[in-house]
Amino acid sequence: MKKKLPVFLFSLLVSAAVVQSRDAIPSELRDANDAWFTGNYSVALQAYLRLLKAPNGAQFTEPIAMQTGEMYHTEELSTDARGQRLSADGKRVAYETGALKTPMIRVIETVGAHKLVAEFSGTGAVLSPSGKRVVYLKLTPNEELSKAQTTLDSAQGIARFAAQQAVNYFQAKHAVIVLRDLAMQQEQQLDTAGLLKTTLAFGADDETVYFVGGRDGDARRNDIYAVTATSQPIVVTDADGFKAAPIVAGKAMLVALFSASPMPRAPTPQATPNRGPAPGGQPIGRFGIVDLATKKMQVVNGQFPALSADGSEVTYLTRNLQELSLMLMPVSGGAANAVFKTTDLMLAPSFAPDGQRLIYARRSKDDYETFIVGRDGKNEMRVSREIQHNMSPRFLSANRVLDVIGEPRHRRAWLYDLQSGQKHQLFHNNTVRTISPEYDWQVSPDGSKVLIQADRNGDTVSPERGLYLVHLDRKVTKDELIARLEKNLAAEIALHTEGRRLFAPIASEVQRAVSQASVNRVYEYQKLLFDFDSKHITRPGNKQAMEYLYETYKSFGYEPVKQCFDVRNAVGGNTCNVYATLRGTENPDLVYVIGSHFDSVPAGPGADDDSSGTAALLEAARVLAKTPQTATIIFISYTGEESGLLGSREFVRQAQANKMKIVGVLNNDMVGWANDHRLDNTIRYSNTGIRDIEHAAAMQFTKLITYDARWHRGTDATAYFEVYGDIIGGIGSYPVLGNPHYHQATDLLEGINHQLVVETSKAAAATMMMLASSPSPVKDLKVVSFDGKTAEIAWTASPEKSVKHYIVTYGTDEKHVKQVKVKAANATLRDAKAGMMIQVKAVNARKLEGWDWSRVSLPASTAPQH
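Going along each chain's sequence as written, the residues are numbered from 1 onward. Only residues with pLDDT of at least 70 are given local features in this predicted model, and only at 80 or more are side-chain atom pairs given and counted; all residues enter the totals for whole chains, interfaces and linings. For side-chain calculations, the full set of non-hydrogen atoms in the structure is used, while hydrogens and water are omitted.

A.B. asks: What exactly am I supposed to notice about the nonpolar core here?
C.D. replies: For soluble globular proteins, the rule of thumb is that nonpolar side chains tend to be buried together. Nonpolar cores are built from buried Ala, Val, Leu, Ile, Met, Phe, Trp, Tyr and Cys residues. Side-chain atoms within 4.5 Å join them into one set. Exposure classes here rest on a 1.4 Å probe applied to the protein chains alone. A residue is buried below 20% of its type maximum, exposed above 50%, and partly exposed in between. Counting 68 residues, the largest nonpolar core has Phe503, Tyr553, Leu624 and Phe635 as its most contacted members. Contacts are residue-level and defined by heavy atoms, with any inter-residue pair within 4.5 Å sufficient. Look past the residues within four positions of Leu624 in its chain and what remains in contact with it is Ala513, Tyr558, Leu582, Phe635, Ala765, Met768 and Met769. Counting 26 residues, the second largest nonpolar core, distinct from the first, contains Tyr41, Ala44, Leu45 and Ala65.

A.B. asks: Help me understand the packing of aromatic side chains in this model?
C.D. replies: How two aromatic rings sit relative to each other is set out by the distance from centre to centre and by the angle between their planes. To pair, rings of Phe, Tyr and Trp, with the six-membered ring standing in for Trp, must have centres within 6.5 Å; the planes then decide the type, stacked if under 30 degrees apart, edge-to-face if over 60, and tilted in the middle. Here the structure, examined in full by the defined rule, presents 19 aromatic pairs. Seen from their ring centres, Tyr41 and Tyr707 are 6.4 Å apart, and the 65 degrees between their planes marks the pair as edge-to-face. One end of the pair, Tyr41, is in helix H3 (residues 41–53); the other, Tyr707, is in strand E39 (residues 705–710), with 666 residues separating them in the sequence. Per residue, the accessibility class of Tyr41 equals that of Tyr707, and both read buried. Plain terms: the ring middles of Tyr579 and Phe651 are 5.6 Å apart, the flat faces sit at 75 degrees to each other, and that makes the pair edge-to-face. Separated by 72 residues along the polypeptide, Tyr579 in strand E34 (residues 574–582) and Phe651 in helix H12 (residues 646–657) bring together distant segments of the chain. In textbook terms, an aromatic cluster arises when at least three aromatic residues are bridged by ring pairs, as seen for Trp36, Tyr41, Tyr48 and Tyr707. We note Arg465 situated over the ring of Tyr439; from NZ or CZ to the ring centre the distance is 3.5 Å. Sitting over the face of the ring of Tyr550, Lys562 holds its NZ or CZ atom 5.1 Å from the ring centroid. The helix count covers DSSP runs of H or I at least four residues long, the strand count covers runs of E at least two residues long, and both are numbered beginning at the N terminus. Charge-over-ring contacts are defined here by two conditions on Lys NZ or Arg CZ: a distance within 6 Å of the ring centre and an angle within 35 degrees of the ring normal.

A.B. asks: Even after reading the chapter, I still don't get the pairing of strand E24 (residues 367–374), so can you show me in this structure?
C.D. replies: It is a general feature of regular strands that their side chains alternate between the two faces of the sheet. Most of E24 sits inside the fold, with eight of its eight residues counted as buried. The alternating pattern of E24 places Asp367, Glu369, Phe371 and Val373 on one face and Tyr368, Thr370, Ile372 and Gly374 on the opposite face, and all of these are buried. The pairing criterion for strands is at least two bridges between them, as found by DSSP. As paired strands, strand E23 (residues 357–364) and E24 are joined by eight bridges and run antiparallel to one another. The residue bridging Tyr360 from the neighbouring strand is Phe371, located in E24. The antiparallel pairing of E23 with E24 creates a hairpin that spans two residues between the two strands, and Lys365 there sits at a positive phi of about 60 degrees. Here E24 pairs with strand E25 (residues 381–382) via two bridges, running antiparallel. Within E25, the position partnered with Ile372 by the bridge is Met381. Between the end of E24 and the start of E25, which pair antiparallel, lie six residues, with Gly377 showing a positive phi angle near 85 degrees.

A.B. asks: What is the right way to look at the environment of Glu380 in this model?
C.D. replies: Relative to the elements of secondary structure, Glu380 occurs in the loop between E24 and E25. A distance of 2.4 Å separates the side chain of Glu380 from the side chain of Tyr360, its partner in a polar contact. Throughout this description, a polar contact denotes any pair of N or O atoms lying within 3.5 Å of each other; where both atoms belong to protein, one of them has to be capable of donating a hydrogen while the other can accept it, and for residues adjacent in sequence the pair is counted only when both atoms sit in side chains. Within the local environment of Glu380, its side chain forms a polar contact with the side chain of Arg362, the two groups lying 2.6 Å apart.

Right under this line is the structure:
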């Protein structure tokens, strides 16, 4: 056996390797990398392409590929996938797709052309170890389930919770477990003895199916059952309590234990979201280990259990007062042994392929890092030194580790090479600007493939998530990389060019306004907000912050408003939004809103979440106070975001009741974390026009480097999206929610880059100037008639007073676009073709175009349009 390096020696070797590799970097590549890190992507991409196209360019393929995107081939298996499961041999994958109420299961091969093995209606599919069989839940037609689904389809707000629980219950009641032979495409229904049934798992023998089952209304226990094609279900968890999430390895099963039943409850006429604890309850600090040979379950005190590959051992964590122990225990019986003990927090231990080492996440100062230790507790080795959390480490092979870095709503897979000490991001969408959130990672047994569920297009708003297969044994070629970079360069140049064109009529006045932004002012706002400590609605700091914001807006020359509303658990029984209005000079009835929430979680002052956004908002309000735009701008500081978006929902409720014409919204949240030396943040948007205006504003008037993701879930922008639709933009941290102090007492002022907040404020102010000076998107665009050659289109005239004409574009593709200008709110389009995309924008007297296109497609047929 190879002797393992002590941690200090490993660190020295890695440091030496890094220094040596840096010294070996040619100056041209070093200069290109510098441009890349400063956000000068056009310059960087041009330099990378020169290097790759040079006679010796092949040597740069790998470092440039890692810098700009993926190094390994990635294949898209589906644009809409959930519940994906690899077979034990890694050669097949089953996943669910389609609408939730009519789900389809697909089984495809992961090798070759990804042949479709089977497709059928169902949910919860699991492949057998050999990949030759699949077991799933078949949703049989049923009146109770149909009625529950109809209720869910129409339910709104909090009522959806009870409606969803009813659907879950009737699915568990009426679904049948079906075993399908993938070679013969024959199915057999398994006997479940009238039990409610949920999560499925396969035994190692390809024959036995396990499921989570329970008796209707049993408040004492549920169980894991085993069933085959020739037997009735047998209980394999012989103990009271609530069990879920069975995981089988060899002859052992790992079972999660919970405080309440995981089985859905039968709906009652009085069912409400407040009717007791939700199904599943909470983990109770124990888990079960089942010996499948004897059908006996041992209950173990511990957390984060993981089985060895052969199922002979389990590793887990135990706590005694402030001390955590990393444990090893044989499944077949025998004492558990402590590998080591520590006062540090730990997470997610698991085994190396040979079982001789353990890998885990361990808290090091502010965040979790990845560590490896021998099963004897010796030679602990630190693998990572990241700014964000390393949350879910696992071995791919003896010398390769996959880890997932970041916060729950945005994590990314990284690959660590234990021999060279190198690391790089594993998965990417190979674009410069768009972030690709990842959600699930599964590894083939030989470590050569990683299955990843992700929003590769950066769209987290739509429910569809893609499924991707990364081949760790296939690197991108030089020619493939060149093609990728040329595409990126063209997109980057187009983004810059179009942004300069759009801002040109007002560029000088935008520059004058944003040049007033002050780091000192921003720090002052943040320090005063920080001194109020927690600004949660249940803390005195909430009221103190309200008063401060009111007086600060007033000092800028506004007449601010406290928009107060009752909240039972708030200090004094109520809490207030605070907002200031910059009335429009020409179109005062059209309103643009820019906001940030000022409250924090109860645990701490929330310096980043969201005093940083509040400071950026205040400075934007200050620099624009004497520069009114043609439309009205409202600067609003929301309360109660951390208590359920209370402030934004109240503002939108009143705006809707008062028929306020809100046409655009920016929401900035968590914009100041000092993650590194870079001044970078993410545009979080629903509207692509606003997204591109924000990119242009950042590029022309700030030092900010901007990325983007179509995302507004769980933010104050959500309330506007639900009522006003696709009018959302704004800025948040990069990567999305990347601050390791998120919602912690350690979210302190010293973690804030105040220059970053200033640059974000300048980008927000510039964006608001552009939006409020430009025509809003035209409404009600429609095709009046189309005879196959000529199309008549019409729309509602723009509400802005200074609109002079409209631009209409139409064509078959980007290279064949026709453009016409019209003064009336209609147009006749010659040489139109079926399926063409038509776009319309208004243009005002200052030659400012509308900030987003309105779009409609010509129909595929020439039938009369209505």
